[in-house]
Each structure stands twice: as C-alpha cells, then as structure tokens.
There are 2 protein chains.
Amino acid sequence: MIFRLNQSSGIPLYLQLMEQVKHAVETGALREGDQLPTIRKVAEDLVMNPNTVVRAYRELEHEGVLELKHGSGAFIKESGGGRAGVIRKARAVVQSAVERLMLLGLTEDELRRAFENELAQARAKTAIGKSSRG
Amino acid sequence: MIFRLNQSSGIPLYLQLMEQVKHAVETGALREGDQLPTIRKVAEDLVMNPNTVVRAYRELEHEGVLELKHGSGAFIKESGGGRAGVIRKARAVVQSAVERLMLLGLTEDELRRAFENELAQARAKTAIGKSSRG
DNA sequence: CAATGTGTACTAGTCTATCGATACACTATA
DNA sequence: TATAGTGTATCGATAGACTAGTACACATTG
C-alpha cells in the first residue's frame, strides 16, 4: 500500500490519506484484516508529521473502516457482510443518474446542489440520519 | 424575501444566506430582475454585519445568480433559457436515484462518496469541468 | 447641488483547522 | 526483563475562514 499526496491541492493531507484508504478498501486492494503501513512509515515516506497520519487513521477508525491496535498496528476492519457488493451496485445507480443529469446540461455545482438537496429531504424523512458507520 | 439564520448551526452565515437565495430562485420565489433586500436591511434584520451579507451577495454574483449594481441594489439575473425547468427535471432524476440508493442501506457518507466518485469520473471524460456558471 | 439610499473597500479581531515537535504507553519477541 | 516496534497524548505554531467596524463611492431623486 503506497500513498500519494498532493501538497499544493489545498485539500488537507489527512483527508487525502483517508480518501486513498477508503478507495483501496472499495476496490479490494485492502481487505479485512490487512495491516496498514505504520504511522511512522507513512509519515517518513511522505515526509510529513506522524500526527497527521494519526489523524487520518483515527478518523477512519471512527468511521469503522479500520481498527487501531495499541502497540500492534492498524488493520482493516470487517465492514459487515457484502458491503463492497452493495457499494458496487450503488455505483451503477449513481453512474446512470449522473449520465442523465449531464445530458440535461447541468454544471457540476448545480448537479451537486440537486444531490445535496435530495439528501437533505431524504434525511428529514427517514432514519439514515446517522452519518458514517460509527 | 425574508431570511432565517441558524446562529448555532456551525454553518457560516454567508453560506446560509447564499443557500436561501439559491433556493428561492430554484423554487421561483425570486425571478429574473427581482430586487433583493438591501445589504443593510438584511444585516439589520438578522443582526449581523453588513460585510457578511456582502460576502454572500458577492459570491452569488460570482456564480451568476444575481447582479450587484453599485448605488442601486442587488438583482436576480437571468440564468439562461428554461434553466429552472431543467433543474426541476434534474431533481426528479436525483430523487429517484437517492431513493434507490437508500433502499440499498447506504449511509449518507457512502452515498455522498459514491456520488462524488462518479462526478470525478464524469469530469475526467467530458467537458463539464467548469464549475459554476461564471 | 443636496440628500438619501445603495454597493464597495480597507482594516482588524477571533476562532478553528491543520500540521508539527516531543514525550509517553502498550505489545511482541527473544 | 530488555529491546524494538507500534499507537497515544499533550502542547504549540501557523494559516486561513469568518465576522465585524468604519469610511468611501456611486445612483437616484428632488
């Protein structure tokens, strides 16, 4: 597992790290039980402070993506039954929707707004309120 | 046009303002040429600094939602052909997609991620890159 | 021109997010 | 028990976001 950061993107380093771990999990590059690179190793490789890596790992733990074991390391956590499969299906749905939306000639911002609006609506109606898998 | 802010929501006041103006435009409560409430009036009504209102209005101008006329006021701008109608159609598409996704049991975060991923894909392939209508 | 209403520009304070330095505590291994 | 490898905790520096105070410039009306 190797990470690549864009120092000048304006996106916080710890978020970039989180993003890459999540992506690796979703694509299957990282599986349940796999150990992630050491905090110190990542920090060294990417020439950054260990604390920043800690932040990424801790948030990922809080989201239920991985588990930190004091003195041992960081490990990918079971995400609960064919979650990866579900996410793949979801992608298909989203993809077709996005395609149709682009045909309507919406800008990316408008598209995102429409999405967020719906999400807010849905949140109000249903019980998906709890964000993340905590 | 009356605005309502949530001081303790953690969401920046100027963003809340922007949100409400956009929503009013999308629902038709505000139409092309309509004058928005004065910067000072909004600031007074909501007990906040005029500069914060300015920020909201300026960003909306930058996004092409309204137009600021020095000495005259702020006015809703034509958004180009039946844009409102298009946006309404888009909403329907998004709504059905979101509903299906929720049935899959995705959390809000996962849903958002899937959406952003697709958006990034689409951006790479097509020419919708330019965000906002500027 | 005067008066009033409008947006604009400049400056500064405060708070938070982000990242870093460093020392501590747990675990595994021999 | 010693040692090396791992995550943890606490504090500080810095930059940027957000909001505010105040004075300026333009437009409209009479």
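Just so we're clear, the structure is a prediction, and the values are computed from it rather than from any experiment.

Caption draft 1: Quick peek at empty space enclosed by the protein. A complete count under the given rule lists three cavities of 30 Å³ or more for this structure. By volume, the largest cavity amounts to about 70 Å³. Forming the boundary of the largest cavity are Val94, Ala97, Val98, Leu101 and Phe115 of chain A together with Val94, Ala97, Val98, Leu101 and Phe115 of chain B. Counting residues per element, the ones that place at least two in the lining of the largest cavity are α4 (83-103) of chain A together with α4 (83-103) of chain B.

Caption draft 2: Quick peek at helix α3 (residues 50-62) of chain B. Residues and elements named next belong to chain B. Look at α3: 18 Å from first C-alpha to last across 13 residues, which is about the 18 Å you get at 1.5 Å a residue. For α3, the set of buried residues is Val53, Ala56, Tyr57 and Leu60. Down the axis, α3 shows its buried residues gathered within 90° of arc, on one side only. Seen from the buried face of α3, the exposed residues on the opposite side, beyond 90 degrees, are Asn51, Arg58 and His62.

Caption draft 3: Expanded view of the protein's contact with DNA strand C. Around DNA strand C there are 23 residues in total, and Leu13, Tyr14, Asn49 and Asn51 of chain A together with Arg40 of chain B lie nearest to it. The share of sugar and phosphate among atoms of DNA strand C within 4 Å of the protein is 59%. Between Leu13 of chain A and DNA strand C, the recorded distance is 2.7 Å, taken from a backbone N or O atom to a phosphate oxygen. At 3.1 Å from a base nitrogen of DNA strand C is found a main-chain nitrogen or oxygen belonging to Gly71 of chain B. At the level of elements, α1 (13-27) and α3 (50-62) of chain A together with α2 (39-45), α3, β1 (66-69) and β2 (73-76) of chain B are the ones that each hand at least two residues to the surface near DNA strand C.

What counts and how
Residues numbered from 1 in each chain as written. Chains lettered and ligands numbered in written order. Predicted model: local features only at pLDDT ≥ 70, side-chain atom pairs only at ≥ 80, totals over all residues. Heavy atoms only, no water. 1 Å grid on protein atoms, 1.4 Å probe; cavity = no way out; pocket = protein on both sides within 12 Å on 5 of 7 lines; lining within 4 Å. Points joined across faces, edges and corners; volume = space filled by probe spheres on them. Helix = DSSP H or I, 4+ residues; strand = E, 2+ residues; numbered from the N terminus. Expected span 1.5 Å × (residues − 1). Buried < 20%, exposed > 50% of the residue type's maximum accessible area, 1.4 Å probe, protein only. Arc of directions from axis to C-beta. Near = heavy atom within 4 Å. Polar contact = N/O pair within 3.5 Å; in protein donor to acceptor, adjacent residues only side chain to side chain.

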